[in-house]
Every structure is written in C-alpha cells, then in structure tokens.
Amino acid sequence: MAVKDYLRERFLPHLWCPGCGHGEVLGGLVRAIEQLGLSKNEIVMVSGIGCSSRISGYVDFHTLHTIHGRALAFATGVKIARPELKLIVPMGDGDALAIGGNHFIHAARRNLDMTALVMNNRIYGMTGGQFSPLSGEDVSATTAPYKTIDRGFDVVELAKAAGATFVARSTTFHVQQMTDIIAKAIRHKGFSVVEVLSQCPTYFGRKNKIGDAADMITWFKDHTTPIGSKAKQEDPGLIERGIFVEKQEPEYCEEYEKVVARAKGRRS
Amino acid sequence: MAKPKLKQHHINRDWCKGCGICVELCPKKVLALDEQDKVTVVRPQDCICCRLCELRCPDFAIEVETQE
Amino acid sequence: MGKTPKFVQGNEACVEAALYAGLNFFAGYPITPSTEIAEHLSVRLPQLGGKFIQMEDEIASLCAIIGASLTGCKVMTATSGPGFSLMQEALGYAIMAEIPCVIVNVQRGGPSTGIPTHVAQGDVNQARWGTHGDHAIIVLTASNHQDVFAMTVEAFNLAETYRTPVILLFDEVVGHMREKLVLPEPGDLPLVERLHTSVKEGVDYHPYLPREDGRLPMSDFGGVHRYNVTGLVHDMWGFPSTDPKVVHGLLRHLVDKIENRAGILAHYREHQLEDAEVVMISYGSSARSALHVVEDRRRRGERLGLLELQTLWPFPHELVRRKCAQAKAVVVVEMNMGQIMQAVKLSVPQPERVFLANRIDGNFITPADIMNILRIIQGKGV
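Note that the structure is predicted; figures quoted are calculated from it, not measured.

**Q** What exactly am I supposed to notice about the overall build of chain C here?
**A** Counting its secondary structure elements, chain C contains 14 helices and 15 strands. The C-alpha radius of gyration computed for chain C amounts to 21 Å, which stays within 12% of the reference 21 Å derived for 382 residues, consistent with globular compactness. Its C-alpha atoms give chain C principal-axis dimensions of about 75 × 50 × 45 Å. The burial tally for chain C puts 61% of its 382 residues in the buried class. Partitioning the intrachain contacts of chain C with sequence separation of at least 6 by distance along the chain shows that 76% fall at a separation of at least 24. Put simply, chain C shows about 14,400 Å² of open surface, and 53% of that area lies on carbon and sulfur atoms. Side-chain charges in chain C split into 35 positive and 42 negative, and the spacing between the mean points of these groups amounts to 5 Å.

Dropping the structure here:
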C-alpha cells in the first residue's frame, strides 16, 4: 500500500500551520505503518485535544479523538477489551505530560502493549502559544511574558522511571530515524514511548525568535546527538536521540489472562 | 546498488503551504518557492533523489519519482 | 428449580444485575460507599472471562469504559460524589459521541469530601447538569434491592437502545444495606443487545445517522468500518463540523432522543395514590421511610399516598402532574435541600402546595422525621 492509502485524503490539506512539525510526524507514522504492512482495520488511533490530536482525523484507521489529556485512558479501555488491536496514541506535550501526566505514568507502569507518541513542540499551539511542562526554563510564551521559570520534564527519563519498556526520542530533522523508531515502537510488545521533537514555527518559533520552520528543524540537527556519542561527552547540553530502552517485561493483557485462569481455577 | 535516478518531482500545489522546509533543507538546492509561495523544481539535474524533501514535507505535497 | 434468595448489599445487587445484563468490562477507582461494586466485580468478571481494571482515577475509569464500549463491550463504572465530579467531562463526551455506558453513583454527603460513610441524595442535579453544555441524560434510582436489580438491567438496556450514558443514582443506605434479593432467571427480564450495523464492508457507513426508529446502529472498533469518534460537534460520519445546520441538528438530536421520550422512560412505583389527599414523592432509600409512613397513617384512616420515582431524569413532569392532580398537598421526601422538589414544583399547577420533608445531617430520614414534618405542614403542631 502507498503512504497515501493510509490517509483520509479528502481532509487534506490539513489544518496545521505552514511548517508545523506535526505533519512530518504524521508522515513518519504512516510510513512506519506502511513498512510494517499493518492492516488498517487492526489499528486504533486514540488522540486527546490540541493541535497534535487532530492527527487522528487524517488517518484511515479506527480513530478516537477524545478529551484533553485522557487519550491513554481511553486507549487502555480499547486495548484491554480487544488485545489483538494495535493501539497508537499520539499526544501533544501539554496533552501527554500536563493534564495527562497521571495517565501517562500509569499506562507506562502497566506495560500495556501500545505506542504513545509525544509530539513535543514545547508549546500549546491550539490555544495560541502558552508554555507547557516541556517548554523548560527561559522560554517566551503568551503566559510567560517574562520567560518561564518552570523546569521541564525529560520525557525519556520520566517514561523510563514509570516503567515503559520501549523509550526513544527523535526529531523532525531526522525523519528517517523517526520513521524507523516509530516502526520499532509499534512492533514492540509492551508500552512504548516515542518523543518526537517537533517545531511550532507559528508560536514557539516566533515568540522565541528561532526563525522559520527550516531554522527550527536545523536547531534539532545542531542540538541533538546519538545516544552515548562523543559529542555528548564534550557538550552535555546536547539532547540525545535514539532508543534508550528496549526490553521485554510482562505485558498487561497477557498477565490479565493469568488472572482469568486463576479466577476460573478457583471457582471450579 | 545503483544510485536512483530522478524521473520526476510530483508537486501537489493544493497541499503545499509554502513553509520552505524542503527548499532550505535540500542538500543540492533543487527546489525554490515561486511567486505564489508554492514549491517548484528549479534544478532537477542536481537532484540526488535523497527524498528528504518528500519525507520532511509536513503537507505530503512532494513525491520524488525515480526511474526503475 | 426454585429461585434462591440471597441476602446481599445493594451494591452487590447492582453487580449481579450488571452481570445479568451482560456486563463484560468494568473500570473503576475505590471510593466509599461504592467500593463493594468494584470489589465484587474484581471477583466475578475474571471468572466469566470479562475484563476488570482498577484505574488511576475516576476520570480514567470512565474514559476506559468508553473506549471498551466502542469495541462492543457492555461497560460500567461505579463511584461516589467526588469521583462523579471528576467524571463530568468524560460523561459529556459519552453523551456527545453517543457511546453506551452505565455509571453508578452511590451517593454520600457532600459537597467535597463531605461525609463519605453517611447517606445523602445531593447529587440529583449534578447528575442532570454536571457536565457542561445543553444535553439530556437518563438517571435511574431504586429504593430496594429487587428494584436495584431491575433498574440496573434497565440502565444497560436504555444505554444500548439510545446510545447514551445512563446514570444509576443510588445512595449509601441502599448501597450498604443488606436485604433479600431473588435473582431472576435468564430470560425473566428482557435484555437489549448492541445494535450492529448491517452495512457491508466497502459500503459507506454512517455511525451518526439515525434509522427511521431513531436508533443508531454501531460498528465495533476493529471491525470493517473505520470511522471517527470525537467530542467535537460532528457530522453523520463522525467528522468535526461547524456547519450551523449540523450543530443545530446534532444538539436537537442529543436532547430530543431522550427528552421526547420522558413518558416511556418514566419508571415509578405508586402506593395508595387513588384517593390520596397528601401525595408524597420520594426515591431511593428515603422512599422506604415514606412508604412506612403511608402504611402507618393509612391504618389510622389518613389518606396518604406515595409516588416513588425510579426515573429521576428526564423528569416525569406529566406523570407527577397527573398523580398529584387531586392532592391537597404534595410532600417531597428527599435527603437534600429540595432538588427533586424544584422539579415537582415545575410539574404541578399549584407549586405553593408542594412541601419538602428532608434531612441533610448525614442521618437517614426516618418515618418519625417525616411524620413530624407532616404535622407542621398539616397545621397540627409538633
């Protein structure tokens, strides 16, 4: 199948701003699914609210556009009810880690077999450019006219600590790596987290005078480095990308089958 | 493996939003924005078919077709 | 084979009824006084091959059952006041996206943490209007365990019939009290199953286009029809729309499908209303005391009757108007500051004849409490 066969082409061009990284993430995602050769009927995409969440409208899967921050909770219900389905849960940074932070850590803790995709542009775009828990310090936003003092989460460290069994990071500059990582994350049995650094030229870029979309993407090239690289040792400020965690742990739906077996055994 | 050879760039002008990502990040400066801020191919002979424009286009507006 | 009576809590009666109705997915979070529902289902659902999950909070619990419902499961969650408050946004989502689900609220005293182990009926208006925006909702209740069973089954049936969340608004006394429950045999109570679309693969399926009879056939996630579900105003395919005609049409549909059926949705019991000069209206556990008063005073020749509401919303205005037509006084017995009394006043031609007999101190309203208030209303002094 061609990449466009996974899209609901009648809704394109999409509503994202010119140069928005979310379109690149959508591209990487459908290319990953094409590589995996998944059937459209076996995929359920669950999204929350915000710019990122509109991604579910553009893909020809079973799509569930939910409420702010709760995508993983809805996805949990779908997955436990029908474990054979592939769950993909794209979320924005505020969606996943502010209002949805609790669901994020608990989904990771359970190790449900699903893929959480954090489309991190460090800003609330839909509401016009407020800072998020991934903005970090010293960032300008419409609610941080004197720059942020809030420290940001490190999604990778958070996901690792919460128990995710696949944790990776890429960027919209490194599109081939991003596609490859998303494919691996979907294939992974267990809870996978992929953070994609994405650009919001309209709000984050403009407010912080980083330049246009291409300049923001180039920033990702200049400020990231492969995990454990020599460059990282020389410049600890660089953001590492790649696969941080990939391990097999008991998966929730499979463990639940053991509960059913124990319950039925006890009754007979 | 032989290097892929360009057949054609397919540009979907309806979907292109003129963000310029493909233009600025093309390693061979093959693309440009026209007077309507839509991407256009100005130096096809220099294209190395790396497809980065296609992969980085947020709007699915470019497809690089190569010869078999 | 004779039917064996059980001696159970109301919460357990609710569990038995949910399983009878075909519940196969429950997600919940512990909260007094509803916790026994989750506890019993954690035992029973795995035995039956169903799914039980304890979520991280009540928000996630309702979200999870909505997700599971979309795969074709019959789903339920159970909570109490604070948890029910947290669920309001997802409740609106289920209303908007028309997803069948059952939400049990075993009421305790509020507001806030309130008085968790004591009884109240203060969530009546929250159940009606807790989520934002114009909407309609079905809210059922019961005063005894046999009716808890019947109303729980009915909640699942109505959820499937109208593609809507249904709220079971019980209270602490009904939830925790133990009394007899005779389990109906399979087939004794009718069950409504999920209506699936007959549209074949490859043919355009409209998840939000009502049939002639008003029902909207569903297609399970994972099936052959891939469609969109959203809390945004949406068209008949489930895709967002801001077209004024679509917006208006959807809101009217969501409200009309329930409000226009208030008559057939009205479940109730009546006791000696035929010649009643004083009509008491009550529901849930407070109706037990009201019934006691009716039986007691009838023995003394007083013409008292009781209308026990089992459907609180949509409010059965027509039923109440009819049953109160001959009454000299209407006394609403409830454990709040008059939430149903307000609706009763809207139903009758002479609202000044509607009185409140209530108790809001965390204690159960007793027949003596009601009698004391009746004496005042009837001008007989305390």
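**Q** Is there a simple way to explain the packing of aromatic side chains in this structure?
**A** Aromatic ring pairs are described here by two measures, namely the spacing of the ring centres and the angle between the planes. Counted under the stated rule, the structure contains eleven aromatic pairs over all chains. Seen in terms of ring centroids, F26 of chain C and F52 of chain C are 5.7 Å apart; in terms of plane orientation they differ by 5 degrees. Their pairing is stacked. In this pair, F26 of chain C is assigned in strand β2 (residues 25–28) and F52 of chain C in strand β3 (residues 51–54), connecting sequence segments 26 residues apart. F52 of chain C carries the same exposure label as F26 of chain C, and that label is buried. One aromatic cluster in this structure is built from Y205, F221 and Y227 of chain C. One Lys or Arg, R56 of chain B, reaches over the ring of F173 of chain A and ends 4.2 Å from the middle of that ring.

**Q** How do you make sense of unusual backbone geometry when you look at a structure like this?
**A** Negative phi values dominate among residues other than glycine, just as trans dominates among peptide bonds. Residues and elements named next belong to chain C. At the junction of T32 and P33, the peptide bond is cis and its omega measures out at 5 degrees in the coordinates. Turning to its location among the elements, P33 is positioned in the loop between β2 and α2 (35–47). Here the amide bond leading from W313 into P314 is cis, since omega sits at -5 degrees, within 30 degrees of zero. One can find P314 in the loop between β13 (311–313) and α12 (317–323).

**Q** Which parts of the structure should I look at to understand the pattern of salt bridges?
**A** Where charged atoms of side chains with opposite charge meet at close range, the side chains can pair. Residue and element names in this part refer to chain A. For the structure on display, the rule yields 41 salt bridges over all chains. With a closest N to O distance of 3.9 Å, K189 and D113 form a salt bridge. Linking K189 in the loop between α6 (175–187) and β8 (191–197) with D113 in the loop between α4 (101–110) and β4 (114–120), this pair joins segments that are 76 residues apart in sequence. Classification of D113 by relative accessible area gives buried; the value is 10%. Between D180 and K184 there is a salt bridge; the shortest N-O distance is 3.0 Å. Here the residue D180 and the residue K184 both occupy positions in helix α6, the gap between them amounting to four residues, near one helical turn.

**Q** How should I be thinking about the pairing of strand β7 (residues 166–171) of chain A in this particular structure?
**A** Consecutive residues of a regular strand have side chains that alternate between opposite faces of the sheet. All names here are of chain A. By the criterion of burial, β7 is predominantly enclosed, with six of the six residues buried. A two-sided burial pattern is seen for β7, the buried positions comprising F166, A168 and S170 on one face and V167, R169 and T171 on the other. Strand direction decides the pairing type here: β7 and β8, joined by six bridges, are parallel. In the strand pairing of β8, A168 is matched with V194. Between β7 and its parallel partner β8, the chain crosses via α6, and the hand of that crossover is right-handed. As paired strands, β7 and strand β10 (residues 239–246) are joined by four bridges and run antiparallel to one another. Bridging across to β10, A168 finds its partner in I243.

**Q** Whenever I open this one, the nonpolar core confuses me. Can you help?
**A** F104 of chain A together with F25, V229, I281 and L309 of chain C are the most contacted members of the largest nonpolar core, which has 98 residues in total. Looking at which domains feed residues into this core, each of domain 1 (5–182) and domain 2 (269–377) of chain C gives three or more. Core analysis: the next-biggest nonpolar cluster, separate from the first, contains 52 residues, L7, I43, I186 and V194 of chain A among them.

**Q** What's the story with the pairing of strand β12 (residues 304–309) of chain C in this structure? I'm lost.
**A** All names here are of chain C. Among the six residues in β12, six count as buried, and that is most of the element. Of the two faces of β12, the one carrying L304, L306 and E308 and the one carrying G305, L307 and L309 are both buried. Pairing between strand β10 (residues 268–271) and β12: four bridges, direction antiparallel. Across the sheet, residue H271 finds its bridge partner in β12, namely L306. As paired strands, strand β11 (residues 278–282) and β12 are joined by five bridges and run parallel to one another. Paired with I281 across the bridge in β12 is L307. Note that the unit made of β11, helix α11 (residues 286–299) and β12 has a crossover that is right-handed.

**Q** In this structure, what is going on with the interface of chain C and chain A? I would like to understand it.
**A** How big an interface is tends to be stated in terms of the accessible area lost upon association of its parts. Chain C puts 41 residues into the contact, and the matching count from chain A is 41 residues. Buried area between chain C and chain A, summed over both chains or domains, comes out near 3,400 Å², and the portion from carbon and sulfur atoms is 59%. Among the residues of chain C in contact with chain A, Q47, E56 and R226 of chain C are the three that bury the most area, contributing 21% of the side total. Taken together, the links from chain C to chain A amount to two salt bridges. Between E56 of chain C and R110 of chain A there is a salt bridge, and its shortest N-O distance comes to 2.7 Å. For the interface between chain C and chain A, the tally reads 18 residue pairs in polar contact (both at pLDDT 80 or more). Of all the elements in the fold, those that place two or more residues in the side of chain C that touches chain A are α2, β3, α3 (58–69), α5 (88–97) and β9 (228–230) of chain C. For the side of chain C that touches chain A, the element with the most residues is α3 of chain C, which contributes seven residues. Of the residues in the side of chain C that touches chain A, the class split is 22 nonpolar, twelve polar and seven charged.

**Q** For this particular structure, what's the right way to read the sheet that holds β10 of chain A?
**A** Backbone-to-backbone hydrogen bonds join strands into a sheet, with any given pair of strands oriented parallel or antiparallel. With mixed pairing, nine strands are arranged side by side in an open sheet as β9(A)-β10(A)-β7(A)-β8(A)-β4(A)-β3(A)-β1(A)-β2(A)-β9(C). Strands with a single pairing partner mark the edges of an open sheet, and in this sheet they are β9 (224–226) of chain A together with β9 of chain C. Ignoring which end each strand starts from, the neighbouring axes of this sheet average 20 degrees apart. For strand β1 (residues 43–47) of chain A and strand β2 (residues 62–65) of chain A, the ladder comprises four bridges, and the chain directions are parallel. Within β2 of chain A, the position partnered with V44 of chain A by the bridge is H62 of chain A. Sheet strands touched by α6 of chain A: β3 (86–92), β4, β7, β8 and β10 of chain A. Its angle to β7 of chain A, the strand with the most contacts, is close to 160 degrees. Relative to β9 of chain C, α5 of chain C is tilted by about 135 degrees, and along the sheet it contacts β2 of chain A together with β9 of chain C.

**Q** Can you help me understand the sheet that holds β2 of chain C in this one?
**A** All names here are of chain C. Pairing is mixed in the open sheet, where seven strands are placed in the order β3-β2-β4-β5-β7-β6-β13. Edge positions in the open sheet fall to β3 and β13, since each of these has one partner strand only. Averaged over all adjacent pairs, the angle separating strand axes in this sheet is 20 degrees, with direction ignored. Two elements, β2 and strand β4 (residues 75–79), share two bridges in a ladder whose sense is parallel.

**Q** When you look at the interface of chain B and chain A in this model, what are you seeing that I'm missing?
**A** The interface is formed by 18 residues belonging to chain B together with 30 residues belonging to chain A. When chain B packs against chain A, the two sides together hide about 1,900 Å² of surface, and 62% of this comes from carbon and sulfur. Looking only at chain B, the three residues that lose the most surface to chain A are W15, K17 and F60 of chain B, adding up to 38% of its buried area. Inspection of the region where chain B meets chain A yields one salt bridge. A salt bridge links K4 of chain A to E63 of chain B; its shortest N-O distance comes to 3.4 Å. Our count for the contact surface shared by chain B and chain A stands at seven residue pairs in polar contact (both at pLDDT 80 or more). The set of elements that each furnish at least two residues to the side of chain B that touches chain A consists of α1 (21–25) and α2 (52–56) of chain B. Tallying contributions element by element places α2 of chain B first for the side of chain B that touches chain A, with four residues. Residue composition of the side of chain B that touches chain A, by class: ten nonpolar, one polar and seven charged.

Cut-off values and rules
Residues numbered from 1 in each chain as written. Chains lettered and ligands numbered in written order. Predicted model: local features only at pLDDT ≥ 70, side-chain atom pairs only at ≥ 80, totals over all residues. Heavy atoms only, no water. Helix = DSSP H or I, 4+ residues; strand = E, 2+ residues; numbered from the N terminus. Rg over C-alpha atoms; globule rule 2.2 N^0.38 Å. Buried < 20%, exposed > 50% of the residue type's maximum accessible area, 1.4 Å probe, protein only. Contact = heavy atoms within 4.5 Å. Areas by Shrake-Rupley, 256 points an atom, 1.4 Å probe, with all protein chains shown as cover. Lys, Arg positive; Asp, Glu negative; His and termini not counted. Charge placed at Lys NZ, Arg CZ, Asp CG, Glu CD. Phe/Tyr/Trp six-rings, centres within 6.5 Å; stacked < 30°, edge-to-face > 60°. Lys NZ or Arg CZ within 6 Å of the ring centre and 35° of its normal. Salt bridge = Lys/Arg side-chain N within 4 Å of Asp/Glu carboxyl O. Pairing = 2+ DSSP bridges. Right-handed = clockwise from strand over helix to strand, strands pointing away. Core = buried A, V, L, I, M, F, W, Y, C linked by side-chain atoms within 4.5 Å. Domains from an automatic or database assignment. Buried area = accessible area lost by both parts, 1.4 Å probe. Polar contact = N/O pair within 3.5 Å; in protein donor to acceptor, adjacent residues only side chain to side chain. Nonpolar A, V, L, I, M, F, W, Y, C, P; charged D, E, K, R; others polar. Axes fitted to C-alpha atoms, helices over the stretch in contact; angles between N-to-C directions.

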